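# Geometric and topological summary
Next come the chains, spelled out residue by residue.
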Amino acid sequence: MNVIRTFGLSKTYNHLVVPVNALVNVNLEIAEGEFTAIVGPSGSGKTTLLNMLGGLDQPTSGQIFIDDTEITGMKESRLIDFRLRNIGFVFQSYNLIPVLTAIEIVSFIMLLQNYPKDKMEKRARELLDQVGLADKADVRPQKLSGGQQQRVAVARALASNPRFVLADEPTANLDTQSAFNLLDIMLRLNREENITLLFSTHDQRVIDRARRVITLVDGSIVEDQHFEK
Amino acid sequence: MKILVTLAWRNLWRSKRRTMITIASVFFAVALAINAQSFQKGSYELMIDNMVRYSTGYLQIQDVLYEEEPSMDNSLLMSDSLLISLKPFMKRINYMVPRIQNFALASAEAATRGAMITGIDPAIERRFNNLPDQVVDGSYLNGSDHAVLVAEGLAGLLKVRTGDTLVLIGQGYQGSMAAGKFPVKGILRLRIPELNNNAVYMPLSAAQDFYAAENRLTSLIIMPADPDDADRLTEELGEAVDSNWYVVRSWKYLLQDLLSLMKFDTAGNMVIIYILYLVIAFGIFGTILSMMIERTSEFAMLLSLGMKRGRLAMVCLLESLFISFTGAIAGAVLALPVVAWYHHHPIPLKGELAEMILQYGFEPVLPFSADPQIFVTQAVIVFVMALIIGFYPVYKIFRMKTVERSSR
């Protein structure tokens, strides 16, 4: 079953001196449980594609379906709620709420979802346990290493029980060991929990572990490889 | 809601210096505004108090035509009906000061001058304005005296001293001739130069005889038991007395020229206060702006994750609320001992300014007003101002595009 489908997705930035075609006629299907890396040189449209799929930006033309729901043209207030319930985000620079502890950060998404309070803490602790941070539950981000912060971000992304997780260059700021740890966790979650993961990355370590690699050049898909791993 | 409050509270302390600077801006604005207002109002209160105590009283009952033409013919009759009208209000009245006031010619051996003759109840006048304290030669009046006190300036012009005789000639009630010889019982030193050059005081009964105005007064000053009751008492007395004959005037009406002057002066001071508000407002706005720049990515990230703009705006508004409230309360609390101190220990004036104020019979001091309304008003104004500035992040949040920032 396809979680994400796009049809003729294009994005042109007209506010620049010369119009730039960031995405050109992208047709894409991501099936449930896939571990996909979107690769390409800088400016190839990776982040733009992720922003479109995450409902953070609207395409100039084309359609995006998440399951059977079309999110292109969806009103912003509905889109915010849709994102909250269907999409998990992991950002390159972690983007954790600096004033909350790890467990509060993970619980925060559930709070926004009006998740039952009595089950919230238990689930937040489980998620932190899954990313190997059970002992850091009450620590604020600035006291965690980059790798640990990104793992909190993964736990946060999973807290809403999303249909898929978008990760924009998640290992870009991490050292090798932290990057491997993070990838191991994400692979395990993908395999054991059947979580759909979609990365944009330059990082060969991520590319090597992906089961599907989509290559973008100048906003177009030039290669779509599937690997058995 | 609890998480929003927690977020707002912790956000305040993630940049302690910025928060403290913003709180300090609100704090100083409130403290300065309260002190400035208190200082101004205190001076006015003292001036009004002096004028009320030594001149007009809080209320006056007059004949309806007296204001239009202040003459003996328009004096009021202390009739039984008037006394009956006043009776229900006696518990709210501390005391009453009956007066007759009219011009006459004062003549002595050497000269003749116009004089303001004031018939007074010596005992009550002592209570009203400490007139006996102004006697610099001779002695104060008794109610049964047929004698006068002459102001020092006028005495000099007429070249009379205690023990001399003063001849007064004027127009009495309903065209009668007012003429009489009065021994000078004492000399008064009045601080208001104009009064000091024309005032003559005599007992009320002697004045009523002189002007052939038995049982008549030009004004009946009423001092209420509670000065704050003056306005209500004026209104109620005005309804109780026979409006065909009597009119009740409050000190606000009688001193309207002074009050207009004060309002004009207040407007000038308000401009300075508004400039203070403006400077402080820009200070607060600066810190809010730096906070916005620092946290734009964070806001966009929260929106990306699915936090509704309204909830995020609420967090920012709560932060502004905490800062504004803390600053406003702290400013008011700090201003309190300063105002209290200068209320009880007014700033003494020295030099020429003090001399000038003394000449007008006022104490040369600058007290602060302890009116609680000043504290509330200034704290609320600055609080609301800071809160309005706090809406800037709210505005920005509702206009923010998530994609520009969140993915960074």
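Conventions we followed
- Residues numbered from 1 in each chain as written.
- Chains lettered and ligands numbered in written order.
- Predicted model: local features only at pLDDT ≥ 70, side-chain atom pairs only at ≥ 80, totals over all residues.
- Heavy atoms only, no water.
- Helix = DSSP H or I, 4+ residues; strand = E, 2+ residues; numbered from the N terminus.
- Rg over C-alpha atoms; globule rule 2.2 N^0.38 Å.
- Buried < 20%, exposed > 50% of the residue type's maximum accessible area, 1.4 Å probe, protein only.
- Contact = heavy atoms within 4.5 Å.
- Areas by Shrake-Rupley, 256 points an atom, 1.4 Å probe, with all protein chains shown as cover.
- Lys, Arg positive; Asp, Glu negative; His and termini not counted.
- Charge placed at Lys NZ, Arg CZ, Asp CG, Glu CD.
- Polar contact = N/O pair within 3.5 Å; in protein donor to acceptor, adjacent residues only side chain to side chain.
- Core = buried A, V, L, I, M, F, W, Y, C linked by side-chain atoms within 4.5 Å.
- Pairing = 2+ DSSP bridges.
- Axes fitted to C-alpha atoms, helices over the stretch in contact; angles between N-to-C directions.
- Domains from an automatic or database assignment.
- Buried area = accessible area lost by both parts, 1.4 Å probe.
- Salt bridge = Lys/Arg side-chain N within 4 Å of Asp/Glu carboxyl O.
- Nonpolar A, V, L, I, M, F, W, Y, C, P; charged D, E, K, R; others polar.
- Parallel < 35°, antiparallel > 145°, perpendicular 65-115°, else oblique.
- Phe/Tyr/Trp six-rings, centres within 6.5 Å; stacked < 30°, edge-to-face > 60°.
- pLDDT = per-residue confidence, 0-100.
- Arc of directions from axis to C-beta.

## Comments concerning the overall build of chain A
Within chain A, the secondary structure is distributed over seven helices and ten strands. In terms of C-alpha radius of gyration, chain A reaches 17 Å, essentially the compact-globule figure of 17 Å for 229 residues. Relative to its full complement of 229 residues, chain A shows a buried share of 57%. Across chain A, contacts joining residues at least 24 apart in sequence account for 69% of those joining residues at least 6 apart. Surface summary for chain A: the accessible area is close to 9600 Å², and the carbon and sulfur share equals 46%. Within chain A, the 28 negative side-chain charges are centred at a point lying 5 Å from the centre of the 25 positive side-chain charges.

## Digging into the environment of A172 of chain A
Residue and element names in this part refer to chain A. Inspection of the secondary structure assignment puts A172 in the loop between β7 (164-168) and α6 (176-193). With relative accessibility at 43%, the residue A172 sits in the partly exposed group. Sequence spacing of A172 and Q92 is 80 residues, and the spatial spacing of their C-alpha atoms is 6.3 Å.

## A word on the side chain of Q208 of chain B
Residues and elements named next belong to chain B. Summarising the element assignment, Q208 is placed in helix α7 (residues 204-210). Polar side-chain contacts of Q208 include one of 2.9 Å to the backbone oxygen of R216. When near neighbours in sequence (up to four residues on either side) are disregarded, Q208 contacts I100, A213, E214, N215, R216 and L217.

## Description of the nonpolar core
With 123 residues, the main nonpolar core has L49, I97, V106, F108, L128 and M186 of chain A together with M307 of chain B as its most contacted residues. With 16 residues, helix α10 (residues 256-305) of chain B is the largest single contributor of residues to this core. Those residues in contact with F108 of chain A that sit more than four places away from it in its chain are I97 and L100 of chain A together with I3, L7, L302 and M307 of chain B. Formed by 61 residues, the second largest nonpolar core is a distinct cluster that contains F89, I93, V160 and L217 of chain B.

## What about the sheet that holds β7 of chain A?
Residues and elements named next belong to chain A. The six strands are arranged β6-β7-β8-β3-β9-β10 in an open sheet whose pairing can be described as mixed. Strands with a single pairing partner mark the edges of an open sheet, and in this sheet they are β6 (87-90) and β10 (220-226). This sheet shows a mean twist of 20° between the axes of neighbouring strands, independent of strand direction. With five bridges connecting them, β7 and strand β8 (residues 196-201) associate as parallel partners.

## Describing helix α3 (residues 102-112) of chain A
With nine of eleven residues buried, α3 of chain A is to be regarded as a mostly interior element. Looking one or two places after α3 of chain A, you find N114 of chain A, whose phi comes out positive at around 60°.

## What about the domain arrangement of chain B?
The domain boundaries assigned to chain B delineate domain 1 (2-53 + 258-406) and domain 2 (65-244). Each of domain 1 of chain B and domain 2 of chain B has a C-alpha centre, and these two points are 50 Å apart.

## Some points on the environment of Y342 of chain B
Residues and elements named next belong to chain B. Residue position: Y342 is located in helix α11 (residues 309-344). C-alpha of Y342 to C-alpha of A31: the two residues are 311 residues apart in sequence and 14 Å apart in space. The contact partners of Y342, leaving out residues within four places of it in the chain, are I347, L366, P367 and F368.

## Description of the interface of chain A and chain B
Chain A puts 28 residues into the contact, and the matching count from chain B is 21 residues. Overall, the association of chain A and chain B removes approximately 2300 Å² of surface from exposure, summing both partners, and the carbon and sulfur fraction of that is 61%. Close ionic contact of K308 of chain B with D81 of chain A constitutes a salt bridge, the shortest N to O distance being 3.6 Å. The set of elements that each furnish at least two residues to the side of chain A that touches chain B consists of α1 (46-53), α2 (76-86) and α3 of chain A. Residues of the side of chain A that touches chain B, tallied by class, amount to 14 nonpolar, six polar and eight charged.

## Quick look at the packing of helix α13 (residues 372-389) of chain B against helix α14 (residues 391-399) of chain B
Residue and element names in this part refer to chain B. One can describe the packing of α13 onto α14 by two numbers: an axis separation of 4 Å at closest approach and a directional angle of 20°. In terms of orientation, α13 and α14 fall into the roughly parallel class. Within the contact between the two elements, α13 uses L387, I388 and I389 and α14 uses F391, Y392 and P393. The residue makeup of the contact of α13 with α14, split by class, is six nonpolar, no polar and no charged.

## With respect to the sheet that holds strand β1 (residues 2-13) of chain A
All names here are of chain A. Sheet architecture is open: four strands sit in the order β2-β1-β4-β5, paired in antiparallel fashion. Unpaired on one side and paired on the other, β2 (20-31) and β5 (69-70) mark the two borders of the sheet. As defined by bridge partners, strand β4 (residues 61-66) adjoins β5 across two bridges and the pair is classed as antiparallel. The partner of F65 across the bridge, within β5, is E70.

## Notes on the pairing of β1 of chain A
All names here are of chain A. In this structure, β1 lies alongside β2, joined through eight bridges in antiparallel fashion. Looking across to β2, one finds that K11 is bridged to L23. As paired elements, β1 and β4 share five bridges and run antiparallel to each other. Along β4, the bridge assignment pairs R5 with F65.

## As for the packing of aromatic side chains
Tallied over the entire structure, the rule returns 13 aromatic pairs over all chains. Summarising the aromatic geometry, the rings of F35 of chain A and F199 of chain A are spaced 4.9 Å apart at their centres and angled 40° between planes, so their arrangement reads as tilted. Of this pair, F35 of chain A sits in strand β3 (residues 35-39) while F199 of chain A sits in strand β8; the two residues are 164 residues apart in sequence, bridging distant segments of the chain. Taken as a pair, F35 of chain A and F199 of chain A share a single burial class, namely buried. Where F27 of chain B meets F28 of chain B, the ring centres are 5.0 Å apart and the plane angle is 75°; that geometry is what we call edge-to-face. By relative accessible area, F27 of chain B is classed as buried at 17%. An aromatic cluster of at least three residues, connected via ring pairs, comprises W9, W13 and F322 of chain B.

## A word on the confidence of the model for chain B
The predicted model of chain B has a mean per-residue pLDDT of 88, with 97% of residues at 70 or higher. The spread of mean pLDDT over the elements of chain B runs between helix α15 (residues 402-406) of chain B, the lowest at 55, and strand β6 (residues 148-151) of chain B, the highest at 96.

## Focus: helix α4 (residues 122-129) of chain B
Residues and elements named next belong to chain B. Restricting attention to buried positions, one finds in α4 the residues P122, E125, F128 and N129. An end-on view of α4 places all buried positions within 115° of arc, on one side of the element. Where α4 terminates, the next one or two residues include N130, which has phi positive at roughly 55°.

## Comments concerning the pattern of salt bridges
Scanning the entire structure with this criterion turns up 27 salt bridges over all chains. A salt bridge links K11 of chain A to D57 of chain A, with the shortest nitrogen-to-oxygen separation between them at 3.5 Å. One end of the pair, K11 of chain A, is in strand β1; the other, D57 of chain A, is in the loop between α1 and β4, and 46 residues separate them in sequence. The residue R99 of chain B makes a salt bridge to E125 of chain B at a minimum N-O spacing of 2.3 Å. Taken together, the residues R99 of chain B in strand β3 (residues 93-107) and E125 of chain B in helix α4 connect sequence positions 26 residues apart. Residues R99 of chain B and E125 of chain B agree in their burial class; the two are buried. Several salt bridges share partner residues, and in doing so they unite R92, D229, R232 and E236 of chain B into one network.

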